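Remarks on the overall topology
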Amino acid sequence: TIDFQIGFKQKLNKSSALTFSAYFKEFKNQVQVRRYDGVFPNPGEYYSYDNIDFGTTKGFEFGYELRRTNNIKLNVNYTLQFADGTGSDDETQLQVVRNSAENFRNVSALDFDSRHKINVVVDYRFGSGDDYNGPTTKNGGQILSNFGVNLLTQVRSGTPYTKQINASDERAVIPGRVNAEGTINGSRIGWNFNMDLKINKSFDVAIKSKKEDKDDTNLSFDIYLRVDNILGLANVRDVYRFTGSPSDDGWLGSAQGQVVVNNADNPQSYSDLYKAGVNDQTNYSLPRRIFIGASIFF
């Protein structure tokens, strides 16, 4: 792997700055499936692996940083990326090699090639002691000392996938042969949007030692509430290549699928169970999740 990165940071004022960087990463000798023909002792072929894949990742990053000002800290980052190569994993070229009987290297977008990424982190937090500027009690107690709210927003464009012309039974142990439509990874999933929220408060507790020759013990507590995917959005992470849908592979509506359904002992039951099977929840991002916890430091 060869990795280059260059950039600069420009101060705007005492509390903010802009950052720009460009990067280039090249990786070679990646593992990929390979076909061998005319092998001894049988004049046939077999498949093995070889260090023949290569690829590049290049892009630009733009960032804006605001140091804590009036309790607010802000970080904004935008990345423009291009990731191309001959294979995203060790069997990307398997179908191509089987169909063409050639070990040619075809450069296309890699599976993780998300063209645009935007991250925004907003943190609102109260300090403690002389740095505290929040509400207080009548006797000067700092109610919201070391209390903060953090909001992370992530936006990214869709990752690529290879469109296919004909429908296939995705639930089959051995799927039938399919034909690609267009180029490898020539289609894209839609954009993803996610927001995570964390609310926490830290405080110290001093535990006096019962023995005079030992020091008191100080414990630091951090109590938090974390909500992942606060909006509860069902972001699509993967789709079926024939339909471009995360919940329907198009098999039941195809001519071959209709034959299978009609020959089933109970066509309605077969259709219902098949639809439930292809509606794979791993094709979506995780739903809203709420965590309540505490950390103890000593």
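Residues numbered from 1 in each chain as written. Predicted model: local features only at pLDDT ≥ 70, side-chain atom pairs only at ≥ 80, totals over all residues. Heavy atoms only, no water.

Here we come to the pattern of salt bridges. Applying the stated rule across the entire model yields eleven salt bridges. Arginine 226 is paired through a salt bridge with aspartate 228; the nearest N and O atoms lie 3.3 Å apart. Among the ionic pairs, aspartate 228 bridges to arginine 289, the shortest N-O distance being 3.4 Å. Placement of the pair is aspartate 228 in strand E11 (residues 217-228) and arginine 289 in strand E12 (residues 289-297), with a sequence separation of 61 residues. Exposure remark for aspartate 228: the relative accessible area of 12% places this residue in the buried category. Bridged by salt links that share partners, the residues Arg68, Asp123 and Arg125 form one connected network. (Salt bridge = Lys/Arg side-chain N within 4 Å of Asp/Glu carboxyl O. Helix = DSSP H or I, 4+ residues; strand = E, 2+ residues; numbered from the N terminus. Buried < 20%, exposed > 50% of the residue type's maximum accessible area, 1.4 Å probe, protein only.)

Within the secondary structure, serine 16 sits in strand E2 (residues 16-39). What makes serine 16 buried here is its relative accessible area of 7%. Among the polar contacts made by the side chain of serine 16, one reaches the side chain of asparagine 13 at a distance of 2.8 Å. Excluding anything up to four places from it in sequence, serine 16 contacts Lys11, Tyr64, Glu65 and Leu66. (Polar contact = N/O pair within 3.5 Å; in protein donor to acceptor, adjacent residues only side chain to side chain. Contact = heavy atoms within 4.5 Å.)

Core analysis: the largest hydrophobic core is formed by six residues, namely Tyr240, Trp251, Leu252, Val261, Tyr274 and Val278. Apart from the residues within four sequence positions on either side, tyrosine 274 is in contact with Ser168, Asp169, Glu170, Arg171, Asp249, Trp251 and Leu252. (Core = buried A, V, L, I, M, F, W, Y, C linked by side-chain atoms within 4.5 Å.)

Glancing now at the layout of surface pockets. Put simply, the second largest pocket is a space of about 340 Å³. As for the second largest pocket, its lining consists of 17 residues, of which Gln154, Asn192, Asn194, Asn235 and Ser285 are closest to the centre. Looking at the lining of the second largest pocket, the elements that each hand over two or more residues are strand E6 (116-125), strand E7 (147-156) and strand E10 (192-207). In terms of residue class, the lining of the second largest pocket is made up of four nonpolar, seven polar and six charged. (1 Å grid on protein atoms, 1.4 Å probe; cavity = no way out; pocket = protein on both sides within 12 Å on 5 of 7 lines; lining within 4 Å. Points joined across faces, edges and corners; volume = space filled by probe spheres on them. Nonpolar A, V, L, I, M, F, W, Y, C, P; charged D, E, K, R; others polar.)

A few words on unusual backbone geometry. Despite not being glycine, asparagine 146 has its phi angle at roughly 55°, a positive value. Of note, asparagine 146 is situated in the loop between E6 and E7. Looking at asparagine 146, the relative accessible area reads 29%, which means it is partly exposed. One non-glycine residue, asparagine 185, lies in the positive phi region at around 55°.

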